[in-house]
Amino acid sequence: MRIGILTGGGDCPGLNAVIRAVVRKGEEDYGDQFLGFMDGWRGLVDNITLPLSTERVRDIISLGGTILGTSRTNPYKLEDGVDKVLATLKDQQIEALVAIGGDDTLGVANKLTAEGVNVVGVPKTIDNDLSATEVTFGFHTAVQIATDAIDRLRTTAESHSRVIVCEVMGRHAGWISLYSGIAGGAVDILIPEEPFDIASVCANVQALTASGRHAAVVVVAEGATPGEGSLIVTSSEVDQFGHVRLGGIGNLLAAEIERVTGIETRVAILGHIQRGGSPTAFDRVLATRFGIGAIDAVHNGGLGTMVALQADKIVRVPLNEAVSEPKLVPHEFYEEVAKPLVG
Ligand code: F6P
């Protein structure tokens, strides 16, 4: 078969490991030919390609980013966008497409199945917010990077008797904040799902510093909001999927902590550091398993599905179910694992 591959949305460590697994298994076991489309759906709209082969994907398992590039292009928001995608598929004689992305990219993949396009989806996002899979690759790497950063912030915070607010990614889902906050021993962990009470954050900081320990690291997800508050946005620009650019809640929080507690408070916004660099071994293995599952799905009755991890098995979920609901941190889980450990 002649198969297209694309990576869409924010990049994520492990994308190259998926591409490698799809191509290697496809060539070896099924005799497939592969064509990469550059920069997500933009490559299909504008017919920009990169031929892929086992030789081309050699040595990329440990490589961060994506050799195919990515973008947040939405063909449904462009004039004639969908027609152009269909024309490219015809022109390149593509019989099936492996789309690697988060809810936006896979949402487009899902709509295209209604146009008769043969698609298999692979879930990707450092945010870990796709409900159909227990975990997405990239999440483990992002948590490790954030935890390493918190460990480093802790020693300098301690030396200077400062509070440090560490802002991590997480637009609607606080998984990175929750996991890295627990692993890093944060004094408070703030997530988008649980509007926070600034007075309680300050009280936790004060209790910790008064107890004689001085390193107070507060971890906050970029999408966290004070109760009754609104998102702090760095710009009013929205992408083609309607997302505003976040970032800035950390600064607001730090200023307020310093004002209330009188303790010098600094901010570290980790931003895209969390998305860069090599995937952890866990993410390389998960991405490889997803890649193998995806090419098997293309050949063995799995068109129109997304591969997912459930009970440590690679399973297939219909694309329309896969993208229907985000996976948020449940209130009970936050109460159970975060609250007893903070303060
Ligand atoms: O969706 C993943 C993510 O990393 C979010 O956590 C973050 O809000 C967003 O991407 C940032 O996207 P961009 O790189 O387009 O600014």
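Rules used throughout
- Residues numbered from 1 in each chain as written.
- Predicted model: local features only at pLDDT ≥ 70, side-chain atom pairs only at ≥ 80, totals over all residues.
- Heavy atoms only, no water.
- Near = heavy atom within 4 Å.
- Polar contact = N/O pair within 3.5 Å; in protein donor to acceptor, adjacent residues only side chain to side chain.
- Areas by Shrake-Rupley, 256 points an atom, 1.4 Å probe, with all protein chains shown as cover.
- Domains from an automatic or database assignment.
- Salt bridge = Lys/Arg side-chain N within 4 Å of Asp/Glu carboxyl O.
- Helix = DSSP H or I, 4+ residues; strand = E, 2+ residues; numbered from the N terminus.
- Buried < 20%, exposed > 50% of the residue type's maximum accessible area, 1.4 Å probe, protein only.
- Expected span 1.5 Å × (residues − 1).
- Contact = heavy atoms within 4.5 Å.
- Pairing = 2+ DSSP bridges.
- Axes fitted to C-alpha atoms, helices over the stretch in contact; angles between N-to-C directions.
- Buried area = accessible area lost by both parts, 1.4 Å probe.
- Nonpolar A, V, L, I, M, F, W, Y, C, P; charged D, E, K, R; others polar.
- Phe/Tyr/Trp six-rings, centres within 6.5 Å; stacked < 30°, edge-to-face > 60°.
- Lys NZ or Arg CZ within 6 Å of the ring centre and 35° of its normal.

**Focus on the site of the ligand**
- Taken together, the neighbourhood of the ligand is formed by Arg72, Ile126, Asp127, Met169, Gly170, Arg171, Glu222, His272 and Arg275.
- Gly170 has a polar backbone atom sitting 3.5 Å from an oxygen atom of the ligand.
- Between the ligand and the protein, one listed contact pairs an oxygen atom with a side-chain N or O atom of Arg171 at 3.4 Å.
- Protein coverage of the free-state accessible area of the ligand, which is 400 Å², stands at 80%.
- Three or more residues apiece are contributed to the shell around the ligand by two domains, here domain 1 (2–137 + 279–322) and domain 2 (140–275).

**What to know about the pattern of salt bridges**
- Per the counting criterion, the structure on display carries nine salt bridges.
- In this structure, the salt-bridge partner of Lys25 is Asp296, at a minimum N-O distance of 3.3 Å. Placement of Lys25 in helix H1 (residues 15–30) and of Asp296 in helix H9 (residues 281–299) is noted, with a sequence separation of 271 residues between them.
- You can call Asp296 buried: its relative accessible area is 18%.
- Where salt bridges share partners, they join Lys25, Asp29 and Asp296 into one cluster.

**Structural notes on helix H5 (residues 139–160)**
- In this model, H5 (22 residues) spans 31 Å end to end at C-alpha, consistent with the 32 Å of a helix rising 1.5 Å per residue.
- Listed as buried for H5 are Phe139, Thr141, Ala142, Val143, Ala146, Thr147, Ala149, Ile150, Leu153 and Ala157.
- Along its buried surface, H5 packs onto strand S6 (163–168), helix H6 (175–183), strand S8 (216–221), strand S11 (265–269) and H9.
- Phi for Ser161, located one or two positions after H5, is positive at around 50 degrees.

**Some words on the sheet that holds strand S13 (residues 313–318)**
- The strand order across the open sheet formed by seven strands is S3-S2-S1-S4-S5-S12-S13, and the pairing between neighbours is mixed. Edge positions in the sheet fall to strand S3 (49–52) and S13, since each has one partner strand and no second. Neighbour to neighbour, the strand axes of the sheet diverge by 25 degrees on average, direction disregarded.
- By the bridge criterion, two bridges tie strand S5 (residues 119–123) to strand S12 (residues 305–310) in an arrangement that is parallel. Considered in S12, the bridge of Gly121 is made with Met306.
- Contacts from H9 reach strand S1 (2–7), strand S2 (33–37), strand S4 (96–101), S5, S12 and S13, with the element oriented near 140 degrees to S12.

**Here we look at the environment of Thr54**
- With respect to the helices, strands and loops of the structure, Thr54 is situated in the loop between S3 and helix H3 (81–91).
- The spatial distance from the C-alpha of Thr54 to the C-alpha of Glu27 is 7.3 Å, given a sequence separation of 27 residues.
- Leaving out residues up to four positions away in the same chain, Thr54 has contacts with Val23, Arg24 and Glu27.

**Some details on unusual backbone geometry**
- Backbone geometry places Asp80, a non-glycine residue, at a positive phi of 60 degrees.
- Tracing the backbone shows Asp80 in the loop between S3 and H3.
- With a relative accessible area of 46%, Asp80 lands in the partly exposed category.
- Phi at Gln93 takes a positive value of approximately 55 degrees, unusual for a residue other than glycine.
- If you trace the backbone, Gln93 turns up in the loop between H3 and S4.
- We classify Gln93 as exposed; its relative accessible area is 58%.

**What about the domain arrangement of the protein chain?**
- The domain boundaries assigned to the protein chain delineate domain 1 (2–137 + 279–322) and domain 2 (140–275).
- The centre of domain 1, based on its C-alpha atoms, is set 33 Å off from the matching centre of domain 2.
- Contact residues are listed per partner, giving 19 residues for domain 1 and 16 residues for domain 2.
- Note on domain 1 versus domain 2: buried area summed over both sides is about 1,600 Å², and carbon and sulfur give 55% of it.
- Here domain 1 is connected to domain 2 by one salt bridge.
- Put simply, Arg275 and Asp11 hold a salt bridge, and the shortest N to O gap is 2.9 Å.
- Of all the secondary structure elements, the ones that give two or more residues to the side of domain 1 that touches domain 2 are helix H4 (103–113) and H9.
- Split by residue class, the side of domain 1 that touches domain 2 holds seven nonpolar, five polar and seven charged.

**Here's the deal with the side chain of Glu194**
- Its location among the elements puts Glu194 in the loop between strand S7 (188–190) and helix H7 (198–210).
- We classify Glu194 as buried; its relative accessible area is 14%.
- With near-sequence residues (within four places) excluded, Glu194 lies in contact with His331 and Tyr334.

**Observations regarding the packing of aromatic side chains**
- For the structure on display, the rule yields four aromatic pairs.
- With 5.2 Å between their ring centres and 75 degrees between their planes, Phe139 and Tyr179 make a pair best called edge-to-face. Of the two residues, Phe139 is situated in helix H5 and Tyr179 in helix H6; the sequence distance between them amounts to 40 residues.
- One aromatic cluster in this structure is built from Phe139, Trp175, Tyr179 and Phe333.
- Taking the ring centre of Tyr76 as reference, the NZ or CZ of Lys111 above it sits at 4.5 Å.
- In this arrangement the basic side chain of Lys327 is found over the ring face of Trp175, its NZ or CZ atom lying 5.7 Å from the centre.

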